[in-house]
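Single-letter residue listing:
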Amino acid sequence: MQFNEVLPLHFSTISRDPFPHVLIERALLQMAEGKLDGPKFRNQVMHAAGWKHSNLTSFGKYPEEAAAAFNRVREVMVANETPETILSALGK
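Residues numbered from 1 in each chain as written. Predicted model: local features only at pLDDT ≥ 70, side-chain atom pairs only at ≥ 80, totals over all residues. Heavy atoms only, no water.

**Side note on the nonpolar core**
- Judged by nonpolar contacts, the single largest core of 25 residues is most densely connected at Ile24, Leu28, Val45, Val73, Met77, Ile86 and Leu90.
- Counting residues per element, the ones that place at least two in this core are helix 1 (20-32), helix 2 (38-48), helix 3 (63-79) and helix 4 (83-89).
- In terms of residue count, helix 3 provides more of this core than any other element does, seven residues in total.
- The contact partners of Leu28, leaving out residues within four places of it in the chain, are Phe41, Arg42, Val45, Val73, Met77 and Ile86. (Core = buried A, V, L, I, M, F, W, Y, C linked by side-chain atoms within 4.5 Å. Buried < 20%, exposed > 50% of the residue type's maximum accessible area, 1.4 Å probe, protein only. Helix = DSSP H or I, 4+ residues; strand = E, 2+ residues; numbered from the N terminus. Contact = heavy atoms within 4.5 Å.)

**Details of the packing of helix 2 against helix 3**
- The geometry of helix 2 relative to helix 3 is characterised by a closest axis approach of 9 Å and an angle of 105 degrees between their N-to-C directions. Regarding the angle of helix 2 to helix 3, the classification is roughly perpendicular. Note on element contacts: helix 3 touches helix 2 through Ala69, Phe70, Arg72 and Val73, opposite Val45, Met46 and Ala48.
- Of the residues belonging to the contact of helix 2 with helix 3, the class tally is six nonpolar, no polar and one charged. (Axes fitted to C-alpha atoms, helices over the stretch in contact; angles between N-to-C directions. Parallel < 35°, antiparallel > 145°, perpendicular 65-115°, else oblique. Nonpolar A, V, L, I, M, F, W, Y, C, P; charged D, E, K, R; others polar.)

**As for the pattern of salt bridges**
- Here the structure, examined in full by the defined rule, presents one salt bridge.
- The shortest N-O distance in the salt bridge between Glu25 and Arg42 comes to 2.7 Å. Residue Glu25 is located in helix 1, and its partner Arg42 is located in helix 2; the two are separated by 17 residues in the primary sequence. Neither Glu25 nor Arg42 differs from the other in exposure class; each is buried. (Salt bridge = Lys/Arg side-chain N within 4 Å of Asp/Glu carboxyl O.)

Take a look at the structure:
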């Protein structure tokens with residue numbers, strides 16, 4: 001799967017079209033559907049990608065860190081399409 005680069009300003013801007021981080025989150029939730037707890041899987045992926053904060057912390061509070069984590073996930077999702085391989089590629 002390919003997604004556009006996530007930029008820090010995406011977390012503080014409103015747009016009619018979904019930003020890449022929203023599309024990445026949707027893809028992660030769909031990937032886990034029927035196999036895993038989707039939100040838990042998304043949180044595991046974000047943590048493995050470097051998001052050090054709670055899942056209750058807004059990405060807009062730390063936009064640079066959020067963009068870096070999402071871009072790491074984005075790079076891994078290009079070559080991996082299963083929950084297991086994504087977590088493995090992120091080093092979890």
